[in-house]
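Structural overview
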Amino acid sequence: MATTSEARDQAPSTRDRLYGWKSAAPLDRSHIPGTPIELPPGPRTPGLLQTVFVWGYRPQYLPKMHRKFGDTFTLNSAPVGRLVVTRDADAIREIFRTSPDIVHAGEGNSLLRPLVGNNSVLTLDAPEHQPARKRLLPPFHGARIARVVSLMEEATVREVATWPVGEDFPLLERTQALTLDIIVRVVMGVDEPARARRLGDALRGVLGLGVTDMLLWVAPGLHRYWPWRNVIRQLEHADELLYEEIDRRRHDPERASRPDVLSMLVDGDADPAVVRDELVTMLAAGHETTAVGLAWTFELVLRHPEVLARLQSGLDDDRDPYRTAVVKEALRVRPVIYNVARRLMEPRQVDGFSLPAGQFVLPSIGGIQTDPRIWGPHAAEFRPERWEDADVPSHAWIPFGGGTRRCLGALFAQTEMETVVRTVLRHVELRAVGDRSEKQRMHHITVVPARGARVEVTKRLG
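In short, a report on the structure. (Residues numbered from 1 in each chain as written. Predicted model: local features only at pLDDT ≥ 70, side-chain atom pairs only at ≥ 80, totals over all residues. Heavy atoms only, no water.)

Thoughts on the packing of aromatic side chains
In total, this model carries six aromatic pairs according to the counting rule given. Between the aromatic rings of tryptophan 163 and phenylalanine 169, the centroid separation amounts to 5.7 Å while the plane-to-plane angle is 55°, which identifies the pairing as tilted. Of the two residues, tryptophan 163 and phenylalanine 169, both sit in the buried class. When the ring of tryptophan 397 is compared with that of phenylalanine 400, the centres are 6.0 Å apart and the planes differ by 70°; the resulting orientation is edge-to-face. (Phe/Tyr/Trp six-rings, centres within 6.5 Å; stacked < 30°, edge-to-face > 60°. Buried < 20%, exposed > 50% of the residue type's maximum accessible area, 1.4 Å probe, protein only.)

Focus: the side chain of arginine 258
Along the chain, arginine 258 turns up in the loop between α13 (228–250) and α14 (261–265). Leave out the neighbours within four places in its chain, and arginine 258 touches Arg144, Arg147, Gly189, Asp191, Arg249, Asp252 and Ser263. (Helix = DSSP H or I, 4+ residues; strand = E, 2+ residues; numbered from the N terminus. Contact = heavy atoms within 4.5 Å.)

Some remarks on a nonpolar patch on the surface
A cluster of nonpolar side chains, namely Leu48, Val52 and Tyr57, defines an oily patch on the protein surface of about 330 Å² accessible area. With respect to the element layout, leucine 48 can be found in helix α3 (residues 47–56). Here leucine 48 falls in the exposed class, since its relative accessible area comes to 67%. (Patch = residues over 30% accessible without salt bridge, like charges linked within 9 Å, V, L, I, M, F, W, Y side chains within 5 Å. Areas by Shrake-Rupley, 256 points an atom, 1.4 Å probe, with all protein chains shown as cover. Salt bridge = Lys/Arg side-chain N within 4 Å of Asp/Glu carboxyl O.)

Comments concerning the environment of isoleucine 232
Within the secondary structure, isoleucine 232 sits in helix α13. Among all residues touching isoleucine 232, those that are not within four sequence positions of it are Thr14, Arg15, Leu18, Leu216 and His223.

Considerations on the sheet that holds strand β3 (residues 103–104)
Spatially, β1-β2-β8-β5-β3 is the arrangement adopted by the five strands of the open sheet, whose pairing is mixed. In this open sheet, the two strands that pair with only one neighbour each are β1 (72–77) and β3. Pairing of strand β5 (residues 342–344) with strand β8 (residues 360–363), which is carried by two bridges, proceeds in the antiparallel orientation. By the bridge assignment for β8, arginine 342 is matched with valine 361. Across the face of the sheet, helix α5 (residues 89–97) comes into contact with β2 (81–86), β3, β5 and β8 while running at roughly 120° to β8. (Pairing = 2+ DSSP bridges. Axes fitted to C-alpha atoms, helices over the stretch in contact; angles between N-to-C directions.)

Points about the pattern of salt bridges
The full count for this structure, using the stated rule, is 33 salt bridges. Ionic pairing is found between arginine 258 and aspartate 260, a salt bridge with its closest N-O pair at 2.9 Å. Put simply, aspartate 277 and arginine 276 hold a salt bridge, and the shortest N to O gap is 2.7 Å. Exposure class is identical for aspartate 277 and arginine 276. Each is buried. If you follow the salt bridges from partner to partner, you end up with Asp191, Arg249, Asp252, Arg258 and Asp260 in one network.

Let's talk about the environment of glutamate 429
Mapped onto the fold, glutamate 429 is located in strand β9 (residues 428–432). By relative accessible area, glutamate 429 is classed as partly exposed at 32%. The residues contacting glutamate 429, other than those within four sequence positions of it, are Glu456, Val457, Thr458, Lys459 and Leu461.

What to know about unusual backbone geometry
Put simply, alanine 78 and proline 79 share a cis peptide bond, and its omega is 10°. Turning to its location among the elements, proline 79 is positioned in the loop between β1 and β2. Going from tryptophan 226 to proline 227, the amide bond is cis rather than trans, its omega being 5°. Among the structural elements, proline 227 can be located in the loop between α12 (215–218) and α13. Of note in this structure, aspartate 351 is not a glycine but carries a positive phi near 55°.

So, in structure tokens, the structure goes:
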């Protein structure tokens, strides 16, 4: 087996990933035999404007298009062009249930390849995807996650201790710091403060890439020029530190007894380059999304006193079902990711429309999770008690996607969110700042509170 340094030398560099991220899979673009291609209706707005609306105002723009065109419509947005968006429950179930040989999710995530690499479960498709997914299953088993809950609690206590009393601040910035700390210490198992800080700073730089930085995805040749040279340096520096941690763990004599995910990933003949991609995948999928989900949860809870009071009454219960209901309801009414993407490798019928091979289809998480035909007349309202109803339409709750591509870390993320909510409420009293709930705003691919979920600590509880 290659050494860690040899594996790194042989793995694609950051520039290689930038130049090679676009899919070149050959496609049969024929239509369904005997049936003409029939795309759903859609706006006639120029593609440039549609791109601006999709990337800048998705939580407002897609509902508006649903009101105008119905459950399924067609958009034209860079960088992939024509997109078919649907919130139809039957269509979404069919997309999630269809063989992964026919419906590709990896190609829908290809924009992430320069970051997560070619071995990521996010960007792989059949037949490579299933073995990679199977390899990642053990670290996310329920019993394994239960072993690290105390570490999540400790990280939360450390973070909350830094929050100022009597001053308002954007909670999103603090939940981002917390979820990154949990990934560094719990997932990667870096428990030395200096090393944890060094790795956290490097990863924070990677996660802080802006729209201007990501012009590299469109024009990789920009890596020769400032400021994009610095972006490449940041990415390469983060890789160096990750390979150092992988090598350290491979040679750790106490590895078998450690509870962190990295210790399990390096077992056997694991290729360090593959482990690197798996770690960055967990970082990309589990840091920002969980941080945003937590910010939205507190933003909603603090504006509903009756919900807050009931949560507080169950803080002594390790498994309070109402806490679970609160987290699930927050992810329903404020989905962190508004939609997922799938690429059809064969012609398919979607909601009665005949789509060609090669077409990107976007199941709308935000659309189906607030559809009043499914969730009732108060679908848009934050009501955690609805999850106590035996008839809750769980098939329409898809914040982690669905089918064979459902997020591997769903249980980990839910456990982390519930643990953080419980720990925060046991240590501080919070109030939301401002008279109105914060609006939804796009930040890259996530939907965040417009003002960062501003809160104030009014009292410390211990």
